[in-house]
Structures are given as structure tokens and as C-alpha cells.
Amino acid sequence: MKTNKFCQSCGMPINKDPQQGGTNKDGTKNLTYCSYCYQNGDFTFKGTAKDMQHFCKEKMVEQGSSKFMAWLFTRNIPRLERWKNS
């Protein structure tokens, strides 16, 4: 399995994920997506890339990031692997 530095759904650094990656249906670790986005072989967030950007920006601001930094860190979400073909 390919290892990514960033979740290919939300863009969060995998090393910031408390679980260090999501889980596949069989319980094995998935290093493409973080544990917030991918659990038991399924995506937890069902919206579009734009919806994910909005959600992540709100969460970052809630946790103390400026709106500018939240925008900066989420602007590439539509280019991530999960969203490329949607």
C-alpha cells in the first residue's frame, strides 16, 4: 500500500492523526486516508470536495486557526486523490 504524508480526502498530515491512518474493512491500517475520513473501509464524510473544504475550514477556525490559514490549508482538497474523478 502506498504511504502518503497527507490524507487524500481532507489533506490533514497523517502524522497528526491520533490513529496514524484509517482502517480497511478487514481492520488493517489504511495510510491513504486519516482515521477521521476513513473507517472500516468506508468514507465517513459523504459530501463533495467543496463540502469537505467548508467543513475543514470551520473545524480549523473552531480550533483556533485564522480564516486565512484555514483557507490556505484547505484550498487543495479538490486535487486530492479521493476527489480527482468526482
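For the structure given in this document, a descriptive report is provided here. (Residues numbered from 1 in each chain as written. Predicted model: local features only at pLDDT ≥ 70, side-chain atom pairs only at ≥ 80, totals over all residues. Heavy atoms only, no water.)

1. Considering the environment of G47
At step 1: One can find G47 in the loop between strand 4 (42-43) and helix 1 (49-62).
At step 2: In the structure, G47 is positioned 27 residues away from Q20 in sequence and 23 Å away in space, judged by C-alpha atoms. (Helix = DSSP H or I, 4+ residues; strand = E, 2+ residues; numbered from the N terminus.)

2. Quick look at the pattern of salt bridges
At step 1: Scanning all chains against the criterion turns up 2 salt bridges.
At step 2: The partner of K46 in a salt bridge is D42, with the nearest N and O atoms 3.0 Å apart.
At step 3: What makes K46 exposed here is its relative accessible area of 58%.
At step 4: By relative accessible area, which is 39% here, D42 ends up partly exposed.
At step 5: One salt bridge connects K59 with E62, and the closest N-O pair in it is separated by 3.7 Å. Taken together, the residues span about one helical turn, with K59 and E62 both in helix 1 at a distance of 3 residues. (Salt bridge = Lys/Arg side-chain N within 4 Å of Asp/Glu carboxyl O. Buried < 20%, exposed > 50% of the residue type's maximum accessible area, 1.4 Å probe, protein only.)

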